[in-house]
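A closer look at the structure
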Amino acid sequence: MRLKTAVAFALSIFALAAHAEKIALTGGTLIRPGAEIETIEPNMNSTLVVDGDRIAAIGPKVLPPHTRVIDCKGKFILPGYIDTHIHFFQSGDLFTRPDVVDLTKVRSYAEEVAWIKHNLPDTFARYLRSGITSVVDVGGPFWNFEVRKIANAAAKAPRVAVAGPLISSVSRPQLDLGDPPIVKIDTPDQAREFVRKLAAQNPDLVKIWYIVDKDHSIDSFRPIVRATVEESHAHNIRVAVHATELETARAAVQEGADVLVHSVIDKEIDDSFVKLLTDHHIILCPTLVVFERYGRTFANKLNLTPEEKAWGNSEVIATWDVRKIPQDQLPDRIKTALAKPDDALDRIKKVHEIALKNLKTLEDAGVTIAAGTDAGNIGTIHGPALFREFQLMREAGLTPMQILQCATANAAKLFGGETGAHIGKIENGYFADLVILNSNPLDDIAYASDIESVMKNGVIYAASALVEAKKTEPR
Ligand SMILES: [Zn+2]
């Protein structure tokens, strides 16, 4: 009987929360990365009042009438996390990038894309479960604009900023089912025309895929980068550039890029590069986790965190067991990785050594770093991958408060626009997007995933109720 009452009570709380109301979170510690006063210890002044979808007051001694009080004694309240680099058009499973490993005979790409579209609400919920109340989709098909619309209309979904198809130096025909995520652009005029087509969809960012190899030099694509930036800026749209070599990243910034996605991984950055980034107020998103996950998946050496195992989509995770793929269907890249897993791990170690060192250099120099994972790529799961990213940022030498700032206040700058100006902080007038933790992430960033509840748009959810533990057979 007592249990029944408790369940009914809990249900009524969350039913009540389904519509706008005044809520006071009392007795918790407020953690406000990047704010003038970064922590407000539990006392009368740490009360946080939410009115409808916004934060209405911090620290009032007298609560407004008709306020529902939620006791947060012993809890830690932060702005909702923001993952600034994800791709909804990719599931994270083994079949999601046929241009990298062709397994279309095992599972067709059309089937894969259909699964992704069908599972979109589930993917959204896994972000909220992970305390992530906003994400930036840094490139995908024109369908991305539909995703943004669907997310905006859904309660149990993060806020979504999007770029459309990537303006690329290379083509990826394997991903073209009529609405390709990557479009090869050959001339500055083509670039301008494509940006105008994108601008009609009101993108939050334009994305350039600045891939450099023996057939594609930095200089040959440079005029296209310039034209893309000029046309985008003329439409008041910021440009994010994928550039993983020092000289490519330097060229991108010199041509006017606003955001660098990924880290420089070919060499240690130099002083002039750091100065270039600070002078241009560049935001950089390191995406450390994605650098290990292709290699680890193919070598059957995945290092999933408990959060990923618990809150990641189990169907996606089941595909990563590459030993289940019939031998005659295994692409060479996976065969090689399976035969020499230590080589794969060595390569990852070398990339991380440089990327982590570069991150510390940029953080110390005051460059705005925004946390992001590149979730959706093979091995990088939507939602909880962010906690592996936090681990790697800690390994780089960032403090818990610095990491949290990268995932909140700084990330909001990358999100951009009107929404970006009202997320990532606990301030009056900001959206009531919050994470409530059971333990203090400033003691150890690992506690950032000790999530009790999540508030999105003023509606509070028990974290454990957001994602059903579902048992499905691997497909
Ligand atoms: Zn990406």
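Just above, that's the structure.
First, a word on what this report is: a plain description of the structure on this page. Owing to the predicted nature of the structure, the values given are computational and were not obtained by experimental measurement.

Basis of the calculations
Residues numbered from 1 in each chain as written. Predicted model: local features only at pLDDT ≥ 70, side-chain atom pairs only at ≥ 80, totals over all residues. Heavy atoms only, no water. Phe/Tyr/Trp six-rings, centres within 6.5 Å; stacked < 30°, edge-to-face > 60°. Helix = DSSP H or I, 4+ residues; strand = E, 2+ residues; numbered from the N terminus. Buried < 20%, exposed > 50% of the residue type's maximum accessible area, 1.4 Å probe, protein only. Lys NZ or Arg CZ within 6 Å of the ring centre and 35° of its normal. Pairing = 2+ DSSP bridges. Axes fitted to C-alpha atoms, helices over the stretch in contact; angles between N-to-C directions. Contact = heavy atoms within 4.5 Å.

Some details on the packing of aromatic side chains
All told, the structure shown has 10 aromatic pairs when counted by the stated rule. Judged by centre distance (5.8 Å) and plane angle (90°), the ring pair of tyrosine 81 and phenylalanine 390 falls under edge-to-face. Here tyrosine 81, found in strand β8 (residues 81-86), pairs with phenylalanine 390, found in helix α14 (residues 385-395); they are 309 residues apart in sequence, far enough to count as distant. In terms of burial, tyrosine 81 and phenylalanine 390 fall into one category: buried. Pairing phenylalanine 142 with phenylalanine 145 gives two aromatic rings, centres 6.0 Å apart and planes at 45°, and the pair type is tilted. An aromatic cluster of three or more residues is present, and its members are Tyr81, Trp311, Phe387 and Phe390. Here the basic side chain of arginine 54 rests over the ring of phenylalanine 431, its NZ or CZ set 4.1 Å away from the ring centre. In this structure, arginine 129 is placed above the aromatic ring of tryptophan 311, and the distance from its NZ or CZ to the ring centre is 3.9 Å.

Considering the sheet that holds strand β5 (residues 54-58)
The 4 strands are arranged β5-β4-β1-β6 in an open sheet whose pairing can be described as mixed. Single-partner strands in this sheet number two, and they are β5 and β6 (67-71). When the angles between neighbouring strand axes are averaged without regard to direction, this sheet yields 25°.

Let's talk about the environment of alanine 191
Tracing the sequence through the fold places alanine 191 in helix α5 (residues 188-199). The sequence separation of alanine 191 and isoleucine 283 amounts to 92 residues, and the corresponding C-alpha distance is 23 Å. The contact partners of alanine 191, leaving out residues within four places of it in the chain, are Ile185, Ile224, Ala227 and Thr228.

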